[in-house]
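A structural walkthrough
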Amino acid sequence: MPDYKNILVAVDFSPATDVVGKKASELAQQNNARIILVHVVEYLPPIDIAYEPITSPNWVIEEEELLQRAKESLEKFAIKIDAGNAPREVVLGIPKHEIIRIAKEQEADLIVIGPHGRHGFSRLLGSTADPVLHNAPCDVLAVRITED
Ligand code: AMP
């Protein structure tokens, strides 16, 4: 197995997340690698703002609150997988695009993801995992999730 040094872990807080994080943490220890934790907040402002004048910036506040909550959750997750000091990125956007963008920006040499998360079907690569696998600038590890 190549000697990975920059491991990006895509965290969606689905039930698979603990398994994905544990695997990434083990790999990081074995390779003496750096872990970068990434969570993408998928948020669309209420549809009516496309048609009506915006009278209240409430949706901006919602975005900020979501980002803040996500940051807190990611911090807890980092501590849980013994990566409390790992750099963390919480961004708004479309997960498959942001994961690839951050992987390039951070020069990741491995992306660790679940084969399916909150959007996926149990026996197929999900709507994030599949495009990440095909467009990543580096190796991608889809961690096997067993169904009990
Ligand atoms: P999916 O293909 O969307 O079912 O999810 C597959 C995997 O992609 C998940 O197990 C995560 O590792 C990653 N992923 C999905 N959505 C996100 C997200 N919003 N932020 C970070 N990673 C994600």
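Note: the structure precedes this text.
Let me begin by describing the structure that accompanies this report. Since the model is a prediction, treat every value here as computed from it, not as a measurement.

Turning our eyes to something else, we now look at the nonpolar core. Core analysis: the largest hydrophobic core is formed by 27 residues, its most contacted members being Ile7, Val9, Ile35, Leu37 and Val112. Among the elements that take part in this core, helix α2 (residues 58–80) stands out by supplying five residues, more than any other. Once you skip the residues sitting within four places of it in the chain, Ile35 turns out to touch Ile7, Val9, Ala24, Ser25, Ala28, Ala86 and Pro87.

This part covers the pattern of salt bridges. On inspection of all chains with the given rule, the structure shows six salt bridges. Glu26 is paired through a salt bridge with Lys22; the nearest N and O atoms lie 3.6 Å apart. Of the two residues, Glu26 and Lys22 both sit in helix α1 (residues 17–31), four residues apart, roughly one turn of that helix. Residues joined by salt bridges that share partners form a network here, namely Glu98, Arg101 and Glu105.

Among all positions of helix α3 (residues 95–105), only Pro95, Glu98, Ile99, Ile100, Ile102 and Ala103 are buried. Next to the buried residues of α3 lie β1 (6–10), β2 (34–41), β3 (88–92), β4 (110–113) and α4 (129–135). Backbone geometry just after α3 places Glu107 at a positive phi near 55°.

Its place among the elements puts Glu63 in helix α2. Classification of Glu63 by relative accessible area gives buried; the value is 16%. Not counting the four nearest positions on each side in its chain, Glu63 is found in contact with Tyr43 and Leu92.

Let's shift gears to α1. Owing to its 3.6 residues per turn, the α-helix aligns residues three or four sequence positions apart on the same side. Taking 1.5 Å per residue, 15 residues should reach 21 Å; α1 reaches 21 Å between its end C-alpha atoms and fits that length. Asn32, located one to two residues past α1, shows a positive phi value of around 55°.

A word on the sheet that holds β2. Strands sit in the order β3-β2-β1-β4-β5 across an open sheet of five strands; the sheet is parallel. Two strands bound the open sheet, and with one partner strand each, they are β3 and β5 (139–142). When the angles between neighbouring strand axes are averaged without regard to direction, this sheet yields 25°. Pairing geometry for β4 and β5, over four bridges, is parallel. Bridge pairing in β5 places Ile111 opposite Val140. Across the sheet, α1 touches β1, β2, β4 and β5, and the angle it forms with β1 is around 175°. Packed onto the sheet, α3 meets β1, β2, β3 and β4 and runs at close to 140° relative to β3.

Parameters and conventions
Residues numbered from 1 in each chain as written. Predicted model: local features only at pLDDT ≥ 70, side-chain atom pairs only at ≥ 80, totals over all residues. Heavy atoms only, no water. Core = buried A, V, L, I, M, F, W, Y, C linked by side-chain atoms within 4.5 Å. Buried < 20%, exposed > 50% of the residue type's maximum accessible area, 1.4 Å probe, protein only. Helix = DSSP H or I, 4+ residues; strand = E, 2+ residues; numbered from the N terminus. Contact = heavy atoms within 4.5 Å. Salt bridge = Lys/Arg side-chain N within 4 Å of Asp/Glu carboxyl O. Expected span 1.5 Å × (residues − 1). Pairing = 2+ DSSP bridges. Axes fitted to C-alpha atoms, helices over the stretch in contact; angles between N-to-C directions.

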